[in-house]
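# Residue-level structural notes
Chain residues, written in single-letter form:
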2 protein chains.
Amino acid sequence: MDVAHSEVFHTGTPVACSSCQARHGVVCGALSDHQLKELGRHSLRRKVDAGAEIIAQGAETSFYSNIMRGVVKLCKVMPDGRQQIVGLQFAPDFVGRPFVRESTLSAEAATDAEICVFPRNLLDRMIAETPELQRSLHDQALKELDAAREWMLTLGRRTAEEKVASLLHLIATHAEPQTAISAAFDLPLSRAEIADFLGLTIETVSRQMTRLRKRGVIVIENSRHIVVPDMDELEKISA
Amino acid sequence: MDVAHSEVFHTGTPVACSSCQARHGVVCGALSDHQLKELGRHSLRRKVDAGAEIIAQGAETSFYSNIMRGVVKLCKVMPDGRQQIVGLQFAPDFVGRPFVRESTLSAEAATDAEICVFPRNLLDRMIAETPELQRSLHDQALKELDAAREWMLTLGRRTAEEKVASLLHLIATHAEPQTAISAAFDLPLSRAEIADFLGLTIETVSRQMTRLRKRGVIVIENSRHIVVPDMDELEKISA
DNA sequence: CGCATTCTTGACCATCTTCAATTAAAGTGG
DNA sequence: CCACTTTAATTGAAGATGGTCAAGAATGCG
């Protein structure tokens, strides 16, 4: 057991799968009762404070996790410090990159979060033994690929205003999955993180937020809590 | 057999797998002799002119293909016409989006190309029956995901000069895989396509190319043929 | 050879960034 | 609980990067 691995495992608590939110998620939903029990024996729940790193860019991946609660951001940083968030993951998503020793990005808790951590070796073995699980993870990978490409369109071709509106729309639809006319939600990201997701600066994000507020598209109850009276309007602005 | 499907199949020629470039590629490399023969019976080789669409955004996906020769670009377009290239694929890559009826992007030949086309139903069945194949496609999906996220960093956080240098570097390393000091290659993309890949305009791409030329980083033999005397220099500029 | 398309170049302009100052919010310790 | 510090967010002014518009050069094709 290597350092990063044991570090994680010593700070968690035993796992109870039966009442788990991710019981029917990407990983656990594809396992037999027997496998679930085995995975459970080697897994631990762990609380992660907002901002804490789950896996570092360039680090060896000795474990995978399921998100139980909270939001996780996937980041890439350049040697000179420029940073780009390349994905957001929500419960009960799987976090990890199978088939590769070294992580090409870092995963960080954006909000306080809870994750269920399990050793890489064990899951890799189960993937090899369980076509159902392989298929399930393949499916999540393809969905993430679709999302990444959708975001490439946002990064490359949308204006600052459209970018901010797109992000608010993305988060709103994740927070309130029911297709309501209006939405109210907490932003899981700071202005700086939003900027890193949109390829903008903090100042531009802030200015676009106040522009949307002045136009009546959003209400900023406080910097983290947003109300969208008319989701269609927001979607129209995202283009 | 639906329209798009038959359209494709009527314009191809029978397949000979034994001497095929993709014989050990993502799809065919994972098949048994028996399966390969069956897939071969239902596949056809097809020539695709540069610019021709292989699959349209929003269209029903009734077939998949392997790239035998040439470069394929994956595009997303917005209702107002803004366009973003979200991926490049080279031989012997697999083109298609398993598990989903409708394509969220279009695939277009960037250069004259040759593809090997096979019906979706058949490959879907083989995927379900062949863990090896599932694994192989899963692996390609994860590699494309890595590439997409790497490109998100380029789109979001690099300057125009760095973007152009990054693209030249990407294409150079694909054209001349041996890690040489210098490289010479044909661009598979027009200036307009480069702009759509980098989230820039044609003019900015052109200006950055001449800047790189004046600095001696590249030699533009003609607008499509580029020589890079010092790849390290180019990589340094891509940041 | 002539027309059409692609690429390059220039001048001007808009958007977004940078730098700087101010306000608001969130911790901290007495 | 409240001053005090620290951090996050907003706002303003000036500047730079990249976009737009327009003209000209190069290339390719019938």
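Residues numbered from 1 in each chain as written. Chains lettered and ligands numbered in written order. Predicted model: local features only at pLDDT ≥ 70, side-chain atom pairs only at ≥ 80, totals over all residues. Heavy atoms only, no water.

Taking an unreviewed UniProt entry as the reference, chain A is identified by name as Transcriptional regulator belonging to Rhizobium sophoriradicis.

## Points about the protein's contact with DNA strand D
Lining the immediate surroundings of DNA strand D are 17 residues, of which Arg191 and Thr210 of chain A together with Ala160, Thr204 and Arg207 of chain B lie closest. Here Thr204 of chain B contributes a side-chain N or O atom positioned 2.4 Å from a phosphate oxygen of DNA strand D. The separation between a base oxygen of DNA strand D and a polar side-chain atom of Arg207 of chain B is 2.8 Å. When contributions to the surface near DNA strand D are tallied by element, the ones reaching two or more residues are helix 7 (202-214) of chain A together with helix 7 (202-214) of chain B. Of the residues that constitute the surface near DNA strand D, the class distribution is 3 nonpolar, 8 polar and 6 charged. (Near = heavy atom within 4 Å. Polar contact = N/O pair within 3.5 Å; in protein donor to acceptor, adjacent residues only side chain to side chain. Helix = DSSP H or I, 4+ residues; strand = E, 2+ residues; numbered from the N terminus. Nonpolar A, V, L, I, M, F, W, Y, C, P; charged D, E, K, R; others polar.)

## Topic: unusual backbone geometry
All names here are of chain A. A cis geometry characterises the amide bond from Ala91 onward to Pro92, with omega recorded as 0°. Assignment of secondary structure puts Pro92 in the loop between strand 6 (83-90) and strand 7 (94-95). Positive phi, normally seen in glycine, also occurs at Phe99, with a value near 70°. By secondary structure assignment, the location of Phe99 is in the loop between strand 7 and strand 8 (106-109). A relative accessible area of 21% means that Phe99 is categorised as partly exposed. (Buried < 20%, exposed > 50% of the residue type's maximum accessible area, 1.4 Å probe, protein only.)

## Comments concerning the protein's contact with DNA strand C
As a matter of local geometry, DNA strand C sits amid 17 residues, with Ala160, Thr204 and Arg207 of chain A together with Arg191 and Thr210 of chain B nearest to it. The separation between a base oxygen of DNA strand C and a polar side-chain atom of Arg207 of chain A is 2.8 Å. For the surface near DNA strand C, the secondary structure elements donating two or more residues are helix 7 of chain A together with helix 7 of chain B. Residues belonging to the surface near DNA strand C are distributed by class as follows: 3 nonpolar, 8 polar and 6 charged.

## A look at the sheet that holds strand 6 of chain A
All names here are of chain A. As summarised here, the arrangement of the 4 strands in space is 3-8-5-6, forming an open sheet in which the pairing is antiparallel. The two strands at the open ends of the sheet, each matched to only one other strand, are strand 3 (53-55) and strand 6. Neighbouring strand axes in the sheet, compared pairwise and without regard to direction, differ in orientation by 30° on average. Direction of pairing for strand 5 (residues 71-77) relative to strand 8: antiparallel, over a ladder of 4 bridges. In the sheet register, Val72 faces strand 8, and the bridge partner there is Ala109. (Pairing = 2+ DSSP bridges. Axes fitted to C-alpha atoms, helices over the stretch in contact; angles between N-to-C directions.)

## Topic: the domain arrangement of chain A
Interface extent is often summarised as the accessible area lost during association of the parts. All names here are of chain A. Here chain A is partitioned into domain 1 (3-154) and domain 2 (158-238). Using only C-alpha atoms to locate each centre, domain 1 and domain 2 end up separated by 27 Å. Tallying the contact residues gives 15 residues for domain 1 and 13 residues for domain 2. Buried surface at the junction of domain 1 and domain 2, summed over both partners, amounts to about 1300 Å²; 64% is from carbon and sulfur atoms. Counting across the domain 1 and domain 2 interface gives 2 salt bridges. At the surface where domain 1 touches domain 2, the tally comes to 6 residue pairs in polar contact (both at pLDDT 80 or more). Listed by contribution, the elements that provide at least two residues to the side of domain 1 that touches domain 2 are strand 5, strand 6 and helix 4 (131-157). Here the side of domain 1 that touches domain 2 takes 7 residues from strand 6, the largest share from any one element. For the side of domain 1 that touches domain 2, the per-class residue count stands at 8 nonpolar, 5 polar and 2 charged. (Domains from an automatic or database assignment. Contact = heavy atoms within 4.5 Å. Buried area = accessible area lost by both parts, 1.4 Å probe. Salt bridge = Lys/Arg side-chain N within 4 Å of Asp/Glu carboxyl O.)

## So, the interface of chain B and chain A
Counting residues at the interface gives 42 residues for chain B and 42 residues for chain A. Summed over both sides, the interface of chain B with chain A buries roughly 4000 Å², with 61% coming from carbon and sulfur. When the area that chain B buries against chain A is broken down by residue, the three leading residues are Arg149, Met152 and Arg157 of chain B, summing to 20%. If you look at where chain B meets chain A, you find 10 salt bridges.

## Quick look at the packing of aromatic side chains
Both the distance between ring centres and the angle between the ring planes are used here to describe each pair of aromatic rings. One pass over the structure, following the stated rule, counts 4 aromatic pairs over all chains. Ring centres 4.5 Å apart and planes at 20° place the aromatic pair Trp151 of chain A and Phe197 of chain A in the stacked group. One end of the pair, Trp151 of chain A, is in helix 4; the other, Phe197 of chain A, is in helix 6 (residues 191-198), with 46 residues separating them in the sequence. Over the ring of Phe99 of chain B we find Arg135 of chain A; its NZ or CZ atom is 3.6 Å from the centre of that ring. (Phe/Tyr/Trp six-rings, centres within 6.5 Å; stacked < 30°, edge-to-face > 60°. Lys NZ or Arg CZ within 6 Å of the ring centre and 35° of its normal.)

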